[in-house]
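Now for the letters of each chain:
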Amino acid sequence: MPRPRPAVPNPLALAGWCPLSPTGAQTTQLLVKPPWTPPVLWDRVTLTCQGLGTAGATTWYKDGQRWWQKGPDRFIVTESGTYQCDRPSTGRSPPVSVSNAWLVLQVPARALLEGDTVTLRCRSWKDKPVTSVSFYREEKQLQLPRDGTELSLSPLRLQDSGRYRCRGWVYYVVSEWKESAPVTVTVHSEHPTAATLTPQHPHTSAPPQPLHSRLGVTVPHPISFPELFPVPVLEGPPEPTEGFPLNLSCLSTPSPLQPRAPLLHLFYRDGRLVGGPQGSPQLLLPAVGVSHSGNYSCEVRSEQGAVRKSSARLRVTVRRVPLSGVSVSAQPPRGQVALGDRLVLSCAVATGTGPLFFSWHRVGSWALLGTGSHLELRHIGDNDSGHYQCRASNGDSVAESVPLNVTVLVPVANATISPSALAHPVRAGDPVTLRCLVQVGSAPVTFTWLHNGSEVARGPLLELRDVHVGHSGTYQCVATNQLRQDGHRVFQALSPELALTVTPWGHWDTVAVNIGRSLLFLALLLAVIGGCHWWHRLGGCHPPPRSPQPLSLPAPPRVSPGPAPPRHPQVTNAELPGPYEGQQDPGATYKSVM
């Protein structure tokens, strides 16, 4: 078998060569010149082996068999077939098939990125004339037969993957229809990988080989089209908190073959554009609200817009800040209000975001009293006393306030003095007790006593133990209660006046009292004597003999001389001097209070 001719190194030519399947710097690669795959024999194909180790240590394989040991790192192909090279440090390269068929479908032997313009060309053996060329993908004709031999895919898309072939009328000694072997195009997300052309269609025939060479069909490796960038992935917090920033990232790594390819990023919420086009893959919302909730997605485009890919949707639900610190305040302050007045309760939230919803309840009863941040009771009644509570909600959380005690104060009214009238005349020296009463009024109630308009005592009772003329006059009591201890509002009720007249003891009143006392003494003495005499008769009493003593009675009271009062047959009351005559204090007088 003749050896191929070693190729003369040409730096400019090597610069245009491209690996069919670059998989990394640590693997053996087989480069082809000219850069088309599958290469054809009549193009003077040069193969170059790249890998670690010395160039003289290259081992070449043809159609799976060792073909050239310790050969050069490059040579010019003179026979069709499938070639591989081996370096001791990096191993065997992927295969490269050199075709010599009647009709060949070729694509550029370089990394074809998504979005590029790709040209497929249909070539006849040794570039013989070919007409009425048609191109097919998955057995579907892409265009009507025409004289052109090229098909342009611009821009290259993921859906362009599939099995391609071409068919045309080839002019040679005997002109006939020919079909190329199908080429499987597979789009990968990284570097291109080795691919294989399927065998020649059964209805095609091989061209004549010079020097009676064996007719053969080459089986080249298929091509792959790396993506310009993969499908983006949108990442971010699915439940951000209201008022805080939201950062979404549209992740799509550019192809390592074109790491600096400019990409544009667009962001959508519920199908509406909310950010971009922009070079940055980040969408930052400084402070989100509930309105920012929705389904987010991002789109990555090439600079010219030829390639567009969208991410899956990301559901973002903005959560409100949990409610805390719910409190209730009242006007009037402290929830103390007078009967019939207006009371306004206000609910406030220390932390939390809205919109906020409020409801009012009384402790022990979940009956709804009102909604909104304020509860107004226009005419409060005594049955409105109790503990009131506010409940706040923002749709995500619920918080309740500490109960506020509402106290309804009933103002004092209808103060009266008991007894309202004295049943008998008040004499000097008699005790008098007066009591102040109110019909209504919330405790505590204080009482003040007035004598002739001046304060004389405090408390519900006024006790005059030994009255005299100075106690005569008019008496009143003042009942008082108030809202709050600081005297926010004071209520008073004044009783009707009560007149008190103290009658002093006169001359005949004293005489009558003295006579009455004397008669009482004589009656007691006679009773003692009569009892002793009765006992003596029964034999139980033996008093010692003694000389009889004359019985002396007290002398009747002396009356100062003066004119005798006139006699009248209808007088029923008499005023006699008594033991308290002359002991009155005419200057001490009090007035009765109502």
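Our structure's up above, just so we're on the same page.
A short tour of the structure in this document, coming up. Think of each chain on its own: its residues are numbered from 1, step by step along the sequence as written. Residues qualify for local features only when their pLDDT is at least 70, as the model is predicted, and side-chain atom pairs are given and counted only at 80 or more; totals for whole chains, interfaces and linings, by contrast, use all residues. As a rule here, side-chain values cover all heavy atoms of the structure and leave hydrogens and water aside.

### Some remarks on the overall build of the protein chain
Which entries qualify depends on this criterion: Working definition: helices are DSSP H or I runs of at least four residues, strands are E runs of at least two. Numbering for both runs from the N terminus. Classification of residues uses two cut-offs on accessible area relative to the type maximum, computed with a 1.4 Å probe and protein chains only: under 20% is buried, over 50% is exposed, and between them is partly exposed. We call two residues contacting when some pair of their heavy atoms lies within 4.5 Å. Here the Shrake-Rupley method, with its probe set to 1.4 Å, supplies the accessible areas, and only the displayed protein chains count as covering residues.
The number of helices and strands found in the protein chain is 2 helices and 49 strands. The 594 residues of the protein chain split such that 41% are buried. The long-range share in the protein chain, meaning contacts at least 24 apart out of those at least 6 apart in sequence, stands at 65%. Accessible area for the protein chain stands at about 32700 Å²; split by element, carbon and sulfur atoms hold 55% of it.

### Focus: the state of the cysteines
Quick note on the threshold: The disulfide criterion is simple: two cysteine sulfur atoms within 2.5 Å.
For the structure shown, the criterion picks out 5 disulfides. What pairs with Cys-250 in a disulfide is Cys-298, and their sulfur atoms sit 2.1 Å apart. In this structure, the disulfide formed by Cys-250 and Cys-298 twists by about 75° around the S-S bond and is classed as right-handed. With Cys-250 in strand S22 (residues 246–251) and Cys-298 in strand S26 (residues 294–302), the pair connects residues that are 48 residues apart, well separated along the chain.

### Topic: the sheet that holds strand S31 (residues 343–351)
Keep this limit in mind: Being paired, for any two strands, means DSSP has found at least two bridges between them. Axes, fitted as lines to C-alpha atoms, cover a helix only where it is in contact. Angles between the N-to-C directions of the axes lie from 0 to 180 degrees.
An order of S29-S31-S34 is seen for the 3 strands of this open sheet, with the pairing classed as antiparallel. On the outer flanks of this sheet lie strand S29 (324–331) and strand S34 (374–377), each paired with one strand and no other. Neighbour-to-neighbour, the strand axes of this sheet turn through a mean angle of 15°, independent of strand direction. Examined bridge by bridge, S31 and S34 share 4 bridges and lie antiparallel to one another. Residue pairing across strands places Leu-345 opposite Leu-375, the latter belonging to S34.

### Section: a nonpolar patch on the surface
Test applied: Like-charged residues are merged into a patch within 9 Å and nonpolar side chains (Val, Leu, Ile, Met, Phe, Trp, Tyr) within 5 Å, provided each residue has over 30% relative accessible area and no salt bridge. Salt bridges are counted wherever a side-chain nitrogen of Lys or Arg sits within 4 Å of a carboxyl oxygen of Asp or Glu.
A cluster of nonpolar side chains, Phe-521, Leu-525, Leu-526 and Ile-529, forms an exposed patch at the surface whose accessible area comes to about 400 Å². Inspection of the secondary structure assignment puts Leu-526 in helix H2 (residues 507–537).

### Remarks on the packing of aromatic side chains
We apply this condition: The pairing test for Phe, Tyr and Trp rings, Trp by its six-membered ring, is centres within 6.5 Å, and the orientation test on the planes gives stacked under 30 degrees, edge-to-face over 60, and tilted for anything in between. Geometrically, a charge over a ring is one whose NZ (Lys) or CZ (Arg) sits within 6 Å of the ring centre while staying within 35 degrees of the ring normal.
If you walk through the whole model with that rule in mind, you get 11 aromatic pairs. Consider the rings of Trp-102 and Tyr-172, whose centres lie 5.2 Å apart with planes at 65°: the pair is edge-to-face. Here Trp-102 is found in the loop between strand S11 (96–98) and strand S12 (103–108), whereas its partner Tyr-172 is found in the loop between strand S17 (162–170) and strand S18 (176–179), with 70 residues between them in sequence. Classification of Tyr-172 as partly exposed rests on a relative accessible area of 31%. What links up through ring pairs into an aromatic cluster is the set Trp-60, Trp-67, Trp-68, Phe-75 and Tyr-83. Positioned over the ring face of Trp-36 is Arg-121, at 3.7 Å from the centre of the ring. Over the face of the ring belonging to Tyr-136 we find Arg-165, whose NZ or CZ atom lies 4.3 Å from the ring centre.

### Quick notes on the side chain of Glu-299
Operational definition: Any pair of N or O atoms that falls within 3.5 Å is considered a polar contact. Within protein, one atom must be able to donate a hydrogen and the other to accept it, and sequence-neighbouring residues count only if both atoms are side-chain atoms.
Here Glu-299 shows up in strand S26. In this structure Glu-299 comes out as buried when scored by relative accessible area, which is 11%. A polar contact of 2.4 Å, which involves the side chain of Glu-299, links it to the side chain of Arg-301. Once residues within four sequence positions are removed from consideration, Glu-299 is found in contact with Leu-264, His-265, Leu-266, Tyr-268, Arg-308, Lys-309 and Ser-310.

### Things to note about the environment of Val-349
Along the chain, Val-349 turns up in strand S31. Placed 44 residues apart in sequence, Val-349 and Ser-393 show a C-alpha to C-alpha distance of 10.0 Å. The contacts of Val-349, once residues within four sequence positions are left out, are Leu-323, Ser-324, Gly-325, Val-326, Leu-356, Phe-358 and Ala-392.

### Some points on the nonpolar core
The condition is simple: We define the nonpolar core as a collection of buried residues of types Ala, Val, Leu, Ile, Met, Phe, Trp, Tyr and Cys that are connected through side-chain atoms lying within 4.5 Å of one another.
Judged by nonpolar contacts, the single largest core of 24 residues is most densely connected at Leu-434, Trp-449 and Leu-464. Listed by contribution, the elements that provide at least two residues to this core are strand S38 (413–418), strand S40 (432–440), strand S41 (446–451), strand S43 (461–464), strand S45 (473–483), strand S46 (489–494) and strand S47 (498–500). It is S45 that contributes the most residues to this core, 4 residues altogether. In this structure, Val-40, Trp-42, Trp-102 and Leu-156 belong to the second largest nonpolar core, which totals 22 residues.

### Regarding the sheet that holds strand S13 (residues 118–124)
Strand order in the open sheet made by the 4 strands is S4-S12-S13-S16, with antiparallel pairing throughout. If you trace the sheet from one side to the other, it starts and ends with strand S4 (36–37) and strand S16 (150–153), each paired once. Strand direction decides the pairing type here: S12 and S13, joined by 4 bridges, are antiparallel. The residue bridging Leu-103 from the neighbouring strand is Ser-124, located in S13.

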